[in-house]
Amino acid sequence: MNTIEFKVYGNYALFTDPISRIGGEKCSYLTPTYEALKGITKSIYWKPSLIWYVDKVRVMKKIRTQTRGIKTLKISGGNDLSIYSYLFQVEYQVQAHFEFNAFHKNLVPDHNVRKHMEIALRSVERGGRRDIFLGTRDCQAYVEPCSFGEGAGDYDGEEISFGIMFHGFDYPDETATNKLVARLWQQKMVNGIITYDAPTNCKIRRFVRDMTAKTFSTEVA
Amino acid sequence: MSLFADLTSTYDDNIGYVGGDDRDTIPLWPMYHATYKAHVEITLDGNGNFLLAEVIDKKDSRTIIPVTESSSGRTNAPVPHPLSDKLQYVAGDFEKYGGKKGAHKLYIQQLEEWFSSPFSNLKIGAVLEYTKKGTLISDLVKHGILFIDKKGVLKTKWDGDKDNTPKIFKVITKMFDCVIRWRVEIPGELQSDLSLDKGLWESWGNFYRSTLKNKDICYATGKMDFVASQHPRKIRNDGDGTKLISSNDGKNYTFRGRFLDRNGIQACSVSDEVSQKAHNALRWLIGRKQSFRNGEQVVVTWALPGLEVPSPFSATQDIIDEFDFVEENDQRGDVQQEFSIRLSRYFAGYNQKIKGNNKVVVLGLDAASKGRLSITFYRSLHSTEYLKRAQSWHHDFAWEHTYVVDKKQKMYIGVPSPLGIVQAVYGMRVTDNLKKATIDRLLPCIIDGLNIPEDLLKELYHRATNRIGMDFWEWDKALRIYCSLYNGSLIRNNKSQRRYGMGLDSENTSRGYLYGRLLAVAEDIESIAIHAGGENNRETTAVRMMQRFASKPYSTWTSIHDALVPYRVRLKVRRAGYLVNILKLMEDILSLFEKGDFERDTVLTGDYLLGYYHQRKEFRNRKITEERSEEE
């Protein structure tokens, strides 16, 4: 199977709610978005021939928020003052799997399940090939291998609905269309676990703008 | 965001409250309307003829008027409100009387569109007819509402007999900004006040929606609907210019990056309906008595569907209304027990009231800059869970606090107020920013069941130890609040044992506690001796050495003990009986120390303040009983 399981944890997380982002007073969603976790998984290991799919996440620690005053920089110098609302002391167990990206036709020779799986597992053990961050870049995090479902979590036995949340983006390099599309869905946590709809199953889609994909080839340009 | 979904459903559930009861409270605005201050009310008949006019009292001036997105956000360029507006818009003869930049045409044009739409209404027709005549200001002058000077220009100041100042000069100074509202008398129509006519609200709402063009997915509901391009202001109060949702930063880094547009539409879209309903509901909730305000900061709590719940900051006495003030020398065990019972009873009762699957939302808002409001705290809990946590807050952190009523000091059992905590920790002259930040830090303790942050406890420990640094009442408060917080933090840490009651624990052998008791004993000996000697009240040695005592108890105790010698001599003569008892008490306390504890000269833990408090309370009770027996 192409599934990896890992634990990601850190002191702060900021999964910004788009409604609050446009004003600049960023406020975090209470649980991670599909896209944020996909980003973390990609930071652990990624190659253009892969597409990672996040299956589910388990919230281990009690959801706590903390607000901080931020001096945001302006393009022409000087700064603004904003108040950001972060999640504090978070820990998640994640289960994700990969499939091959049919869009990059040049990379078909690279479609070797065993090779990528072994590198991925090694990368999880090393804590990821690239820096891990929870939402925004200033929320440093750490990754460790784990067995999904092990241990006691703070939300075992509880069910909470979070309403409509951002799910992720459909990028042109994964959908073979030259559009950037946003997906939304109803995020719900059952027994501490959020089982994400696969991107193709998300019913609420919103066109953002036109975008073209980067192409990869095995030749050096 | 789930918050906007919560607010929207709160609006829907409270649709009966739309418009409000009286003009004094903030009403729940109907969609596509806002409240503005009106100064003059003009009454017309069904055909648009002027009947009469009246100047509006300040307390009746808050008027609901229809608005458009652009008119409610207007700054310099003239954009008319649809119906009621300033003279600049509604009066055709504005410039004739000295007004600048009349925008009458724009007003008429907009009103005509509304009138000729399928959502029209007879009353609008009347207003349209009248305003088209262009005689508004001259009619008002004719009827003695407005006044002109010799040059025929509108008077802005009354220069005549001061005792007979016409009403208009008392309600407005910038005369050219006078706002008109309408009444139309049509036989058979009950509601002649256009600002309270529900049919008219609907008519405007339907017309306005028919003019909206852009549709997109709403990020709060996930549904396709007309989008709002601008969002409302005036959320926290009538003069609030901040917005909760805004997207005006086309230049800097706020949302640009993968989004290439300048208005944030690519980043996010919120439907017009959600924007209207959610903001109106929020404004209404903040305007109710239950919101907590501290400068720019607002914390509002409510139960869907709009029911009232105890606010996280309510004082314990406000909740348990039949709670009498406690007499100081009441049997300590009973009072505490009774308090617990009453608290449980109160919350059980509340649980009954809020039956079923109800959510409680706690929302904290603050503004770091002018123009933008941020969400600093958002929790959406099941109602039973919320009540459980509120109860736990009141229960864990309760202590005896004092309250002055009719110049007499009374005591009650309950939690300290959040402002009280901030002032106790940082002093009376705490800056606003620190106040806000600390209250923000206390919210998770009240709502999430977390423990008090350690640094607050430490800070308060030092302040309560530094008795000579402040006057008695401030210190007394600080000590009581420290006991509240320390006690509560112990409970939250261990969840089982080591809970101090509010009365003396004579079995307790912990080092800090016993040292605290000793300090109280030393203070008592000296103060009784001072009193017995007829001297004026002064600081006892114990009090003066309190700070040193807290860091080096053993060596300081020796100094204190030695200093007591002359007072003991005096007491032997004047209060022999008392001296015997108090020395015995001192011996008893000393014998409770565990081996080696007394001689250790290390800093005392927080429970020394509790021991000190308890022992002093014992002495106060004893005095009262003595006084009582003397009276008898």
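Fair warning: this is a prediction, and the values are worked out from it, not measured in the lab.

As for the overall build of chain A
Stage number 1. Regarding its fold elements, chain A presents four helices and 10 strands.
Stage number 2. If you line up chain A on its principal axes, its C-alpha atoms span 50 × 50 × 35 Å.
Stage number 3. In chain A, buried positions account for 53% of the 221 residues.
Stage number 4. Long-range pairs, those at least 24 residues apart, make up 71% of the contacts in chain A with a sequence separation of at least 6.
Stage number 5. Total accessible area on chain A is roughly 10400 Å²; 49% of this is exposed by carbon and sulfur atoms.
Stage number 6. Mean positive and mean negative side-chain charge positions of chain A (30 and 25 charges, respectively) differ by 4 Å.

Here's the deal with the interface of chain B and chain A
Stage number 1. Taken together, the 43 residues of chain B in the interface contact 35 residues of chain A.
Stage number 2. Summing both sides of the interface, chain B and chain A together bury roughly 3500 Å²; the carbon and sulfur share of this comes to 60%.
Stage number 3. Across the contact surface, chain B and chain A share two salt bridges.
Stage number 4. Put simply, R372 of chain B and E25 of chain A hold a salt bridge, and the shortest N to O gap is 2.8 Å.

Remarks on the sheet that holds strand β8 (residues 292-294) of chain B
Residue and element names in this part refer to chain B.
Stage number 1. Sheet architecture is open: four strands sit in the order β8-β9-β10-β11, paired in antiparallel fashion. The sheet terminates laterally at β8 and β11 (372-382), the two strands that pair on one side only. Going across the sheet, the axis of each strand differs from the next one's by a mean of 10 degrees, ignoring polarity.
Stage number 2. Here helix α9 (residues 272-287) sits on the sheet and contacts β8, β9 (297-303) and β10 (359-369); the angle it forms with β9, its principal contact strand, is near 100 degrees.
Stage number 3. On the sheet, helix α14 (residues 432-447) packs against β8, β9, β10 and β11 and is oriented at approximately 15 degrees with respect to β11.

Considering the confidence of the model for chain B
Interpretation of this model should avoid reading the predicted coordinates in detail wherever pLDDT is low.
All names here are of chain B.
Stage number 1. On average, chain B scores 84 in pLDDT, and the residues at 70 or more come to 93%.
Stage number 2. Within the model, the stretch residues 322-332 combines pLDDT values under 50 with 23 contacts to residues more than four positions away or in other chains.
Stage number 3. Across the assembled chains, the prediction reports ipTM 0.88 with pTM 0.83.

Things to note about unusual backbone geometry
Note: most residues except glycine have negative phi, and most peptide bonds are trans.
Stage number 1. The backbone of N191 of chain A shows a phi angle near 60 degrees, a positive value even though the residue is not glycine.
Stage number 2. Note that N191 of chain A resides in the loop between β8 (179-190) and β9 (193-195).

A few points about the pattern of salt bridges
Opposite charge on two side chains lets them pair, provided their charged atoms get close.
Residue and element names in this part refer to chain B.
Stage number 1. Inspection of the entire model under this criterion finds 44 salt bridges over all chains.
Stage number 2. D177 is the partner of K86 in a salt bridge, and the nearest nitrogen-oxygen pair spans 3.7 Å. With K86 in the loop between α2 (69-72) and α3 (87-90) and D177 in the loop between α7 (168-171) and β5 (180-185), this pair connects stretches of sequence that are 91 residues apart.
Stage number 3. Among the residues examined, K86 registers a relative accessible area of 22% and is labelled partly exposed.
Stage number 4. Judged by relative accessible area, D177 falls into the partly exposed class, the value being 30%.
Stage number 5. With its nearest N and O atoms 2.9 Å apart, the salt bridge here joins D240 to R236. Residues D240 and R236 agree in their burial class; the two are buried.

Let's talk about a positive patch on the surface
Stage number 1. The grouping of K47, R122, R126 and R129 of chain A at the surface amounts to a positive patch.
Stage number 2. For R122 of chain A, the position within the fold is in helix α3 (residues 113-125).

The rules behind each value
Residues numbered from 1 in each chain as written. Chains lettered and ligands numbered in written order. Predicted model: local features only at pLDDT ≥ 70, side-chain atom pairs only at ≥ 80, totals over all residues. Heavy atoms only, no water. Helix = DSSP H or I, 4+ residues; strand = E, 2+ residues; numbered from the N terminus. Buried < 20%, exposed > 50% of the residue type's maximum accessible area, 1.4 Å probe, protein only. Contact = heavy atoms within 4.5 Å. Areas by Shrake-Rupley, 256 points an atom, 1.4 Å probe, with all protein chains shown as cover. Lys, Arg positive; Asp, Glu negative; His and termini not counted. Charge placed at Lys NZ, Arg CZ, Asp CG, Glu CD. Buried area = accessible area lost by both parts, 1.4 Å probe. Salt bridge = Lys/Arg side-chain N within 4 Å of Asp/Glu carboxyl O. Pairing = 2+ DSSP bridges. Axes fitted to C-alpha atoms, helices over the stretch in contact; angles between N-to-C directions. pLDDT = per-residue confidence, 0-100. Patch = residues over 30% accessible without salt bridge, like charges linked within 9 Å, V, L, I, M, F, W, Y side chains within 5 Å.

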